[in-house]
Amino acid sequence: MVLALCRSALLVVVTASPTFAQSPAVARRIDQVMPKVVAWRRDVHQNPELGNREVRTAKLVADHLRALGMEVRTGVAHTGVVGLLKGGKPGPIVALRADMDALPVTEQVSLPFASRVRTTYNGQEVGVMHACGHDNHVAILMGVAEVLAGMKSELAGTVKFIFQPAEEGPPDGEDGGAKMMVAEGVLTNPAADVIFGLHVWPDTVGRLTYREGGIMAAADGLRIVVRGKQTHGAVPWGGVDPIVTSAQIINSLQTIPSRQMDLTAAPSIVTIGQITGGIRGNIIPDSVVMVGTIRTLDPAHHDDIHARIRRTVEKVAESAGATAEVTIVKAYPITYNDPALTARMVPTLKKAARDGKAAVLPPVTGAEDFSYFQQKIPGLYFFLGVTPDGVNPATTAKNHSPLFFADEKALPVGVRALTQLTLDYMAGGKVVQ
Ligand SMILES: [Zn+2]
Ligand SMILES: [Zn+2]
């Protein structure tokens, strides 16, 4: 703990003293916009669109940003929308991000604005639902845009509103999401100094949680092909058994996180979720294919665990007289909250939370493509609780469930958090490292 504190303290160098005063004028503006935020959220919830297909949602957002007088770019990374709000005073450039895509999930929540939308996904007819709660993110950021646009002349800096498609991953064969937005220059011209983003999830409604450093894991794809030599099931010595070799590989892989990685620095995970090999019981096959996922939360672990996985798989296969081919596809990077920025903005999160407390969160082993923005500029990503009072967040339906439900009481907290993060960051000047 001491080390962590020192690390933050050394990195926090600000060009001016931040002010964290609660402004009644800002609070009033937020109160005024909230009925619209609720209406937008219900509208987007009722009209969900899958990744790279967020046409209606993008139009709703673009029309709103234009009506607020912003410069608006559309069609960014297919359906993304970026609005630029130039304040009346000079200052840093703050980017705020909301993801817009829904999921191929058939809604089972009984709501007057429940989704009845259906589509074809990977050849199957399915419902479409905002089962990850991105409808809340869109509505919250539209509300923040209206609040900050109303304060344009007093705003000491520029705000980039990034409405992102396909956070859940683009459809097969397509590009998309944050990675593509970054490639299309969303963080440049003008160059954003910092980025903030939030995600709703099951937790006490209005509670804000955060973590310095790795808050969500890097998720990398793992594919292993073990090649042996086919033989009769009764004569294993006549060939090389890739099935027994695969069993040894699976067990050995589990000793990498448990025996080789520093568990006190951050957890890591290696999972084999799919294994294919063989055709019948009395034939030892030629090969086995295993597919899995690798999760890391510490940037120092990321390439290291890949090297250990390759070494383990290849050497275990070699010991059996087999060969193994390891393919690791880097997917989402670690969602890494800049320590200096996080330390500096915690008072703002505390101020914005419903209970006046923002809590530190254990690391989350899921992944987020917000991480691509954070690879380019310092960013802070945090969670907003949406579980109604009286419901246990631990047992309620999770994100991606057809029963996922977000209490609208969380919406003003989200608007307050992103608005106040922008204003407080501008008041404090750029983070210098
Ligand atoms: Zn999701
Ligand atoms: Zn999500």
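Residues numbered from 1 in each chain as written. Chains lettered and ligands numbered in written order. Predicted model: local features only at pLDDT ≥ 70, side-chain atom pairs only at ≥ 80, totals over all residues. Heavy atoms only, no water.

Trainee: Hey, could you go over the coordination of the zinc ion (ligand 1) for me, with residue numbers and the actual values?
Mentor: Coordination angles at a metal have ideal targets, namely 109.5 degrees for four tetrahedral donors and 90 or 180 degrees for six octahedral donors. Summarising the metal site, the zinc ion (ligand 1) is bound by the protein donors Cys132 (SG), Glu168 (OE), Glu168 (OE) and His400 (NE2), whose distances to it range over 2.0 to 2.8 Å. Geometry at the zinc ion (ligand 1) is irregular, judged from its four donor atoms and the angles of 51 to 149 degrees they form at the metal. Motif for the zinc ion (ligand 1), donor spacing along one chain: C-x35-E-x231-H. Looking at cysteine 132, the relative accessible area reads 8%, which means it is buried. (Donors = N, O, S within 2.8 Å, 3.2 Å for Na, K, Ca; no water. Tetrahedral: all angles 85-135°; square planar, octahedral: opposite > 155°, others 65-115°. Buried < 20%, exposed > 50% of the residue type's maximum accessible area, 1.4 Å probe, protein only.)

Trainee: Describe the packing of helix α2 (residues 24-46) against helix α4 (residues 134-149), and please don't skip the residues or the numbers.
Mentor: As a packed pair, α2 and α4 sit with axes 8 Å apart at the nearest point and diverge in direction by 150 degrees. By the angle class used here, α2 and α4 are roughly antiparallel. With respect to the hand of their crossing, α2 and α4 are arranged in right-handed fashion. In this structure, α2 uses Arg29, Ile30, Val33, Lys36, Val37, Trp40, Arg41, Val44 and His45 to contact α4, whose residues at the interface are Asp135, Asn136, Val138, Ala139, Ile140, Met142, Gly143, Glu146 and Val147. Considering only residue class, the contact of α2 with α4 consists of 10 nonpolar, three polar and five charged. (Axes fitted to C-alpha atoms, helices over the stretch in contact; angles between N-to-C directions. Helix = DSSP H or I, 4+ residues; strand = E, 2+ residues; numbered from the N terminus. Parallel < 35°, antiparallel > 145°, perpendicular 65-115°, else oblique. Left-handed = near helix turned anticlockwise from the far one by under 90°. Contact = heavy atoms within 4.5 Å. Nonpolar A, V, L, I, M, F, W, Y, C, P; charged D, E, K, R; others polar.)

Trainee: Tell me about the pairing of strand β19 (residues 379-387), and name the residues and values.
Mentor: Counting buried positions along β19 gives nine out of nine residues, so the element sits mostly inside the fold. Neither face of β19 is exposed, since Gly379, Tyr381, Phe383, Gly385 and Thr387 on one face and Leu380, Phe382, Leu384 and Val386 on the opposite face are all buried. For strand β8 (residues 194-204) and β19, the ladder comprises eight bridges, and the chain directions are parallel. Residue tryptophan 201 lies in a different strand from β19, and its bridge partner there is glycine 385. As paired elements, strand β9 (residues 208-210) and β19 share two bridges and run antiparallel to each other. Bridging from a neighbouring strand, threonine 209 pairs with phenylalanine 383 of β19. (Pairing = 2+ DSSP bridges.)

Trainee: So what about the sheet that holds strand β15 (residues 287-296)? Which residues, and what values?
Mentor: Strand order across the open sheet formed by four strands is β13-β15-β11-β16, with antiparallel pairing between neighbours. Looking at the sheet topology across the chains shown, the edges are occupied by β13 (268-277) and β16 (323-332). Looking at each pair of strands side by side, their axes are set apart by 20 degrees on average, direction ignored. Bridge count between strand β11 (residues 218-227) and β15: 10 bridges; the pairing is antiparallel. When the sheet's bridge partners are listed, valine 225 is paired in β15 with valine 289. Strands in contact with helix α6 (residues 242-260) are β11, β13 and β15; relative to β13, the strand with the most contacts, it is inclined by about 170 degrees. Running at roughly 160 degrees to β16, helix α7 (residues 299-319) makes contact with β11, β13, β15 and β16 of the sheet.

Trainee: Pulling in residues and values, what's your account of the pairing of strand β5 (residues 118-121)?
Mentor: Of the pairings in the sheet, the one linking β5 to strand β6 (residues 124-127) comprises four bridges and is antiparallel in character. Pairing of threonine 119 across the sheet is with valine 126, part of β6. If you look at the hairpin formed by β5 and β6, you'll find two residues sitting between the two strands, and asparagine 122 has a positive phi there, around 50 degrees.

Trainee: Summarise helix α3 (residues 55-67); cite the residues concerned and give the values.
Mentor: Along an α-helix, a turn takes 3.6 residues, which lines up residues three or four apart on a common side. Counted at 1.5 Å a residue, the expected span for α3 with its 13 residues is 18 Å, and the 18 Å between its end C-alpha atoms agrees. Listed as buried for α3 are Thr57, Ala58, Val61, Ala62, His64 and Leu65. End-on view of α3: buried residues confined to an arc of 165 degrees, all on one side of the axis. The exposed set on the far side of α3, more than 90 degrees from its buried face, consists of Val55, Lys59 and Ala67. Looking at the buried residues of α3, the elements they touch are α2, β2 (71-76), β3 (80-86), α4 and β7 (156-164). (Expected span 1.5 Å × (residues − 1). Arc of directions from axis to C-beta.)

Trainee: Please provide a residue-by-residue account of unusual backbone geometry, values included.
Mentor: Here the residue pair asparagine 189 and proline 190 is connected by a cis peptide bond, since its omega of 0 degrees sits within 30 degrees of zero. In this structure, proline 190 sits in the loop between α5 (177-183) and β8. The residue asparagine 122 is not glycine, and still its phi comes out positive at about 50 degrees. You can see asparagine 122 is positioned in the loop between β5 and β6. Of note, asparagine 189 is a non-glycine position whose phi angle comes to about 50 degrees, a positive value.

Trainee: Can you lay out the coordination of the zinc ion (ligand 2) for me, pointing to particular residues and giving the numbers?
Mentor: Binding of the zinc ion (ligand 2) to the protein goes through Cys132 (SG), His134 (NE2) and His199 (NE2), at separations of 2.1 to 2.3 Å. On the primary sequence, the residues serving as donors to the zinc ion (ligand 2) are separated as C-x1-H-x64-H. Separation of the zinc ion (ligand 2) from the zinc ion (ligand 1) amounts to 3.1 Å, with cysteine 132 serving as a shared donor to the pair. Here histidine 134, found in helix α4, pairs with histidine 199, found in strand β8; they are 65 residues apart in sequence, far enough to count as distant. Judged by its relative accessible area of 0%, histidine 134 is buried.

Trainee: Summarise the sheet that holds β2; cite the residues concerned and give the values.
Mentor: Strand order in the open sheet made by the eight strands is β2-β3-β7-β4-β8-β19-β9-β18, with mixed pairing throughout. The outermost strands of the open sheet, each flanked by one partner alone, are β2 and β18 (358-360). Strand-to-strand twist across the sheet, computed as the mean angle between neighbouring axes with direction ignored, equals 25 degrees. Sheet topology note: the β9/β18 ladder contains three bridges and is parallel. For tyrosine 210, the partnering residue across the bridge sits in β18 and is valine 360. α4 contacts β3, β4 (89-99), β7, β8 and β19 of the sheet and is inclined by roughly 160 degrees relative to β4.

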